[in-house]
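So you can see what is in the structure, the chains are spelled out below.
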Amino acid sequence: MDNAATTALDPEVFEVMKPLMLDMYGNPSSTHAHGREVRTKIEHARRKVAELLNTVPGEIFFTSGGTEADNTAICCTVDAYKVKHIISTSIEHHAVKHTIERLVEAGKVKASYVDLDEKGHIDMAHLEQLLKNNPNSLVSIMHANNEIGTKNDIDRIGELVEEYGGTFHSDTVQTMGHFTHDLKKLKAHFVVGSAHKFHGPKGVGFLRVCKSRSIGRFIEGGGQERNRRGGTENVYGIVGLAKALELAYSNMDTHRAHVQGLKDRMIHKLKTAIPEIQFNGNLDSERSLYTVLNASFPAHENNAMLLFSLDINGISASGGSACSSGANTGSHVLNGINADPSRQGIRFSFSKYNTTDEVDYTVAKLEEIFAPVEV
Ligand SMILES: Cc1ncc(COP(=O)(O)O)c(C=O)c1O
């Protein structure tokens, strides 16, 4: 029940990766036949990703994942375009939040944070005001939040940013592979993807750099990734990413219906089992991720042990993003939407492999935990 943290590798994806792990081990930069056959695989994967997202292969750069892609988009834009002001939100993933904080600490930029409503949607009027007051801003606003599932309207944000001449980066890690993206229409200069969020391998992702933006070299080294990102490519990861995205696109409607069904079932069952339950974020299926449900449990003596109690029953869920587990400062996302601190927020997140039995089992365990103590 923690598929926003990562998803299981699809066996079909593993099948296309295997030959590149066992047999085709040439270095794609080598000019001999063993190298060239591997180079062809990378370029084929790039074409596939570009085709699915309705853009050109020259705009797709493979990276080690979503974090690197977010870091690259933000830091390289600041350097290349002498950006002095970033507009973002307080509930971005740490890949964005910490990158911006580091640039602010270094004195390179100032940052402004757009007001949010209680569900985590941005205030468009406030964004427009910030853009008006700060020309040449870099706007970094996520498509959907990984903890509460709230989706922003990135079509409208893109249009607004264009109107005021800024640059727009959107962390699309949680929507890539779960919703379609038409990059010819979307006015975002940078979007990102991470294969392990859509049943691909870990440690590989991509950054889309719109051809209207030129951001220099991301990593010094060899001439890989069209001279932008040095380092021998993660060939089997790249091939796996393209296959995973292809599968995600070809089965999207079926998977969406199944996963939304699981989410709706869990909401319904939780409301019956624990009447005081509430939910963080937006439950409207048009304005949230169908993969994420953030439940807000009433104050209870067992709350501190809630994740542990689920864990010992074989249920993996999350109190925040996986990348921040271990930090006990509370969720910056729940703080950012002023969630009631006396309640306990738990993120359940679903994939095509979850079943209704798993949902029912989870709710049954939660009902036991919250049952009134008999004296
Ligand atoms: C919204 C968001 N951005 C970025 C990332 C980082 O992606 P990766 O794990 O590929 O570095 C994640 C992963 O949890 C995420 O949910």
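Residues numbered from 1 in each chain as written. Predicted model: local features only at pLDDT ≥ 70, side-chain atom pairs only at ≥ 80, totals over all residues. Heavy atoms only, no water.

The number of helices and strands found in the protein is 12 helices and 10 strands. In terms of overall size, the protein behaves like a compact globule, its C-alpha atoms giving a radius of gyration of 21 Å where 375 residues would be expected to give roughly 21 Å. With the C-alpha coordinates of the protein rotated into their principal frame, the extents come out at 75 × 55 × 35 Å. Evaluated residue by residue, the protein yields a buried proportion of 54% over its 375 residues. Summarising the internal contacts of the protein: among those between residues at least 6 apart in sequence, 73% fall at separations of at least 24. Computed over 40 positive and 46 negative side-chain charges, the inter-centroid distance for the protein is 7 Å. (Helix = DSSP H or I, 4+ residues; strand = E, 2+ residues; numbered from the N terminus. Rg over C-alpha atoms; globule rule 2.2 N^0.38 Å. Buried < 20%, exposed > 50% of the residue type's maximum accessible area, 1.4 Å probe, protein only. Contact = heavy atoms within 4.5 Å. Lys, Arg positive; Asp, Glu negative; His and termini not counted. Charge placed at Lys NZ, Arg CZ, Asp CG, Glu CD.)

In terms of nonpolar packing, the biggest core is built from 77 residues, with L127, I157, M266, L270, F297, F348 and L366 touching the most fellow members. Per-element tally for this core: the top contributor is helix 8 (residues 235-250), with 9 residues. Setting aside residues no more than four positions away along its own chain, F348 makes contact with M1, M266, T291, V292, L293, A295, F297, L310, A317, T362 and L366. Counting residues in each nonpolar core, the second largest holds 11 residues, with A73, V173, L207 and V209 among its members. (Core = buried A, V, L, I, M, F, W, Y, C linked by side-chain atoms within 4.5 Å.)

This paragraph deals with the site of the ligand. Surveying the vicinity of the ligand reveals 13 residues, the closest of which are G66, T67, D171, S194 and K197. Here a nitrogen atom of the ligand sits 2.6 Å away from a polar atom, N or O, in the side chain of D171. Between the ligand and the protein, one listed contact pairs an oxygen atom with a side-chain N or O atom of H196 at 3.0 Å. Here the ligand has 400 Å² of accessible area as a free molecule, and 90% of this is covered by the chains. Element by element, the count of residues in the shell around the ligand is highest for helix 3 (residues 66-80), at 3 residues. Here the shell around the ligand is built from residues that sort into 2 nonpolar, 8 polar and 3 charged. (Near = heavy atom within 4 Å. Polar contact = N/O pair within 3.5 Å; in protein donor to acceptor, adjacent residues only side chain to side chain. Areas by Shrake-Rupley, 256 points an atom, 1.4 Å probe, with all protein chains shown as cover. Nonpolar A, V, L, I, M, F, W, Y, C, P; charged D, E, K, R; others polar.)

Moving on, we get to the packing of aromatic side chains. With the rule as written, the count across this model stands at 3 aromatic pairs. Ring centres of F61 and F218 lie 5.3 Å apart, and the angle between their planes is 70°; on these two criteria the pair is classed as edge-to-face. Of the two residues, F61 is situated in strand 1 (residues 60-63) and F218 in the loop between strand 7 (205-209) and helix 7 (224-227); the sequence distance between them amounts to 157 residues. Like F61, the residue F218 is buried in the burial classification. Seen from the ring of F179, K151 lies directly overhead, with NZ or CZ sitting 4.0 Å from the centre. Above the face of the F61 ring, R226 is positioned so that its terminal group lies 4.2 Å from the ring centre. (Phe/Tyr/Trp six-rings, centres within 6.5 Å; stacked < 30°, edge-to-face > 60°. Lys NZ or Arg CZ within 6 Å of the ring centre and 35° of its normal.)

Among the secondary structure elements, N145 is positioned in the loop between strand 4 (138-140) and helix 6 (154-163). Overall, N145 belongs to the buried group, its relative accessible area being 1%. Within polar-contact distance, the side chain of N145 engages the backbone nitrogen of I148 at 3.0 Å.

As a further point, take the pairing of strand 6 (residues 190-194). Among the 5 residues of strand 6, 5 are classified as buried, and the element is accordingly described as predominantly covered. Burial of strand 6 is two-sided: the residues F190, V192 and S194 facing one way and the residues V191 and G193 facing the other way are all buried. Bridge count between strand 5 (residues 167-170) and strand 6: 2 bridges; the pairing is parallel. The partner of S170 across the bridge, within strand 6, is V191. As judged from the 5 bridges shared by strand 6 and strand 7, these two strands associate in the antiparallel manner. Opposite V191, over in strand 7, you have R208 as the bridge partner. (Pairing = 2+ DSSP bridges.)

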